[in-house]
Amino acid sequence: MPASVTAASQSTKKDVVLSVRNISKRFGHVNALTDVSIEVGRGEIVALVGDNGAGKSTLMKVIAGAAAPDEGEIRIDDQPHNFRGPHEATAAGIESVYQDLALPGNLDIVSNLFLGRELTRAGSLDEPAMEARTAALLKTLDVKIPSLRVPIAALSGGQRQAVAVARSRMWNNKIVQLDEPTAALGVAQTRQVLELIRRLSDEGVGVIFISHNMPDVLSVADRIVVLRLGRNAGGFNVKDATIDGVIAAITGAGELTDSGARTDMTASNGS
Ligand SMILES: Nc1ncnc2c1ncn2[C@@H]1O[C@H](COP(=O)(O)OP(=O)(O)OP(=O)(O)O)[C@@H](O)[C@H]1O
Ligand SMILES: [Mg+2]
């Protein structure tokens, strides 16, 4: 692996919260991830980009404890972790908002925010306390929602993403991962979700932000990590990055082979 690719996965922050090293993950004969590394510093926003099938969601699932890696290591605050399920990753301070946004649509906002971590008082659910905390949280996030007791299914896509991000902010997390949070959103809603991501970062939460939208990536991220065909394929500090440069890393354009020939752009993606 070229030295630049190894360096590309590293945080420029001194305070590295998440260090994911040399992860490989196979599904049958598919090498979804091969020797992938990524670091996230305290308060750092790292965009994870790559073509369809590059391995982004798989890497997120490994970090979320939802998929077990075949090889490699995950360290949080320099402590090694072997997650046996999503609950262990959550307990270690990693919150994940998935691409398909698995918020139970029949539950209302308060129930969604506290799902699996309900507050109780004298053995029964403490609804007033959960409602008060939900209202306070949404207020600090400047999220406008018609009522805390409407079911998630009745919210717009942007409002749902806002609730998902709020949920990830509720539990004193170290790392929040978001898989394509703005993919289905309009202009105003996208701006709101990007603003929520900045707030997470301001509070010291490290963010992994998966996106295909280069303007969003360049506007919100500190650093960009590129995956191609399941491998690290470059990294950029956003202040040095150009859209053309990032796209070249994503597609493999301009990459030199051992013989010095340029690789074919169509070789970028087998899915
Ligand atoms: N559960 C699974 N079983 C078999 N193959 C899988 C599974 N999950 C992912 N893959 C394969 O692993 C590769 C990486 O998929 P992944 O979903 O991580 O890509 P991605 O970068 O998130 O793509 P997209 O941008 O389309 O969301 C693909 O070739 C995919 O088909
Ligand atoms: Mg994906």
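So, a few notes on the structure that sits alongside this text. Chains are numbered independently. Their residues run from 1 in the order of the written sequence. Chain labels run from A onward and ligand labels from 1 onward, assigned in the order the entries are written. This being a predicted model, a pLDDT of at least 70 is required before a residue's local features are given, and a value of 80 or more before pairs of side-chain atoms are given or counted; all residues contribute to the totals for chains, interfaces and linings.

### Quick word on the overall build of the protein chain
Then, number 1: Only DSSP runs of H or I reaching four residues or more are called helices, and only runs of E reaching two or more are called strands; each is numbered from the N terminus. Within the protein chain one finds nine helices and 12 strands.
Then, number 2: Residues with at least 20 other C-beta atoms within 10 Å of their own are called buried, those with 12 or fewer are called exposed, and the rest are partly exposed. The C-beta atoms themselves are positioned from the backbone. Within the protein chain, the proportion of its 271 residues that are buried is 43%.
Then, number 3: Contacts in the protein chain between residues at least 24 apart in sequence constitute 68% of all its contacts with a sequence separation of at least 6. A pair of residues counts as a contact when their C-beta atoms, built from backbone coordinates, are within 7 Å of each other.

### Side note on the site of ligand 1
Then, number 1: Taken together, 12 residues form the shell around ligand 1, and within it Phe27, Ala32, Asn52, Ser57 and Thr58 come nearest.
Then, number 2: If you list the elements that add at least two residues to the shell around ligand 1, you get strand 2 (30–41) and helix 2 (56–63).
Then, number 3: When residues in the shell around ligand 1 are grouped by element, the largest group, three residues, is from helix 2.
Then, number 4: Broken down by class, the residue content of the shell around ligand 1 amounts to four nonpolar, seven polar and one charged. Nearness here has a simple definition: the residue's C-beta atom, placed using the backbone, must lie within 6 Å of the molecule or strand. Just so you know the grouping, Ala, Val, Leu, Ile, Met, Phe, Trp, Tyr, Cys and Pro go in nonpolar, Asp, Glu, Lys and Arg go in charged, and all remaining residues, Gly too, go in polar.

### Overview of the sheet that holds strand 3 (residues 45–49)
Then, number 1: Overall, mixed pairing links the six strands, which are arranged 6-9-10-3-11-12 in an open sheet. At either margin of the open sheet sits one strand with a lone partner, and together these are strand 6 (94–97) and strand 12 (231–237). Taken pair by pair, the neighbouring strands of this sheet meet at an average axis angle of 20°, ignoring direction.
Then, number 2: Only when DSSP finds a minimum of two bridges between them are two strands counted as paired. As paired elements, strand 9 (residues 175–179) and strand 10 (residues 206–210) share five bridges and run parallel to each other. Note on definitions: angles span 0 to 180 degrees between N-to-C directions of axes, and those axes are lines fitted to C-alpha atoms, for helices only across the stretch in contact.

### Details of the sheet that holds strand 1 (residues 16–27)
Then, number 1: Taken together, four strands build an open sheet; the order of strands is 2-1-4-5 and the sheet is antiparallel. Looking at strand neighbours, the two that pair on one side only are strand 2 and strand 5 (79–81), the edges of this open sheet. Pairs of neighbouring strands in the sheet enclose a mean axial angle of 25°, with direction left out of account.
Then, number 2: Sheet analysis places strand 4 (residues 71–76) next to strand 5, joined by three bridges and oriented antiparallel.

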